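Residues per chain, in single letters:
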Amino acid sequence: MALENITLGQYYPADSVVHRMDPRVKILLLIAVIVAIFLAGNLLAFVPIIAFLVIVTKLSKVPVKMMVKGLKPLRLILILTFVLNLFFLQGETVLLDLGFAQIKKEALILAVHYSLRLVLLVLFSSILTLTTPPITLTDGLERLLSPLRVIHFPAHEMAMMMSIALRFIPTLMEEADKIMKAQTARGADFESGNLIARAKAMVPLLVPLFVSAFRRAGDLAMAMEARCYHGGEGRTRLRVLKCEKRDYIACAVVALLIAVVVLLGYIY
């Protein structure tokens, strides 16, 4: 697995209508789209969701190659999801008899259904991180969680932790890639052998990676303390979040999408 294929947490700078949307709206719309994906009761209900994904990708100006690249680390999970559902789900209509197993129509449909659901979840989540800077995403999360302050929920701290976690995913992947290349140059083999042998070969990679992660966390904590960081208390903002016309239009489109998905699931 190439570590550079992991796009979660990366930001793709561009001047698009999706990039300019309010981060709060984008987070809420992502949740709404995830609900629509799980409400899709048949393959036909996925058609408007896929069409919406194509339109959003086009509007965001994010390269399709970059979107597809984010699926490469999940190819093993996708294959296992498809194969396990294909051979272990029950059905009545036999499409192919292999002797040791049967491929049934109902199992094939459900295998495609679950695999497609996983792909759509990853792609829509990638659009959020690719079109939203980490700082803006933090502000959006904090504003959405701010009503919970009445029960003394640390909204600012929680949003900051989530944003830092997303921000450091590409950094840790780059660090892991450097360590892997250094270990390979010293004779380490990460590709050959069975699953247990590969797992043992990952130990020289994981130990320095964890050490590097804790060192970065310590440096970040010291830097924040040196700048007198005290959380969200008394904090002012350079950019005040404000919903505009495009945000309301996006909400209306997603509401229509959910209605169409529910309707298609009910009819068929």
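Everything below is about the structure printed above this text.
These lines cover the structure that appears in this document, whether it is placed above or below. (Residues numbered from 1 in each chain as written. Predicted model: local features only at pLDDT ≥ 70, side-chain atom pairs only at ≥ 80, totals over all residues. Heavy atoms only, no water.)

### Description of the overall build of the protein
Right, on to step 1. When helices and strands are tallied, the protein shows 10 helices and two strands.
Right, on to step 2. For the protein, the α and β elements follow one another from N to C terminus as α-α-α-α-β-β-α-α-α-α-α-α.
Right, on to step 3. Principal-axis analysis of the C-alpha atoms places the extent of the protein at approximately 70 × 55 × 40 Å.
Right, on to step 4. When the 268 residues of the protein are sorted by exposure, 34% land in the buried category.
Right, on to step 5. Looking at charge distribution, the protein has the averaged site of its 29 positive side-chain charges lying 5 Å from that of its 19 negative ones. (Helix = DSSP H or I, 4+ residues; strand = E, 2+ residues; numbered from the N terminus. Buried < 20%, exposed > 50% of the residue type's maximum accessible area, 1.4 Å probe, protein only. Lys, Arg positive; Asp, Glu negative; His and termini not counted. Charge placed at Lys NZ, Arg CZ, Asp CG, Glu CD.)

### Quick look at the environment of Phe210
Right, on to step 1. Relative to the assigned elements, Phe210 resides in helix α9 (residues 203-226).
Right, on to step 2. Classification of Phe210 as exposed rests on a relative accessible area of 52%.

### Observations regarding the pattern of salt bridges
Right, on to step 1. Taken as a whole and judged by the stated rule, the model has six salt bridges.
Right, on to step 2. The partner of Asp15 in a salt bridge is Arg20, with the nearest N and O atoms 2.5 Å apart.
Right, on to step 3. Judged by its relative accessible area of 55%, Asp15 is exposed.
Right, on to step 4. Among the ionic pairs, Arg216 bridges to Glu175, the shortest N-O distance being 3.1 Å. Highlighted residues: Arg216 in helix α9 and Glu175 in helix α7 (residues 155-185), separated in sequence by 41 residues. (Salt bridge = Lys/Arg side-chain N within 4 Å of Asp/Glu carboxyl O.)

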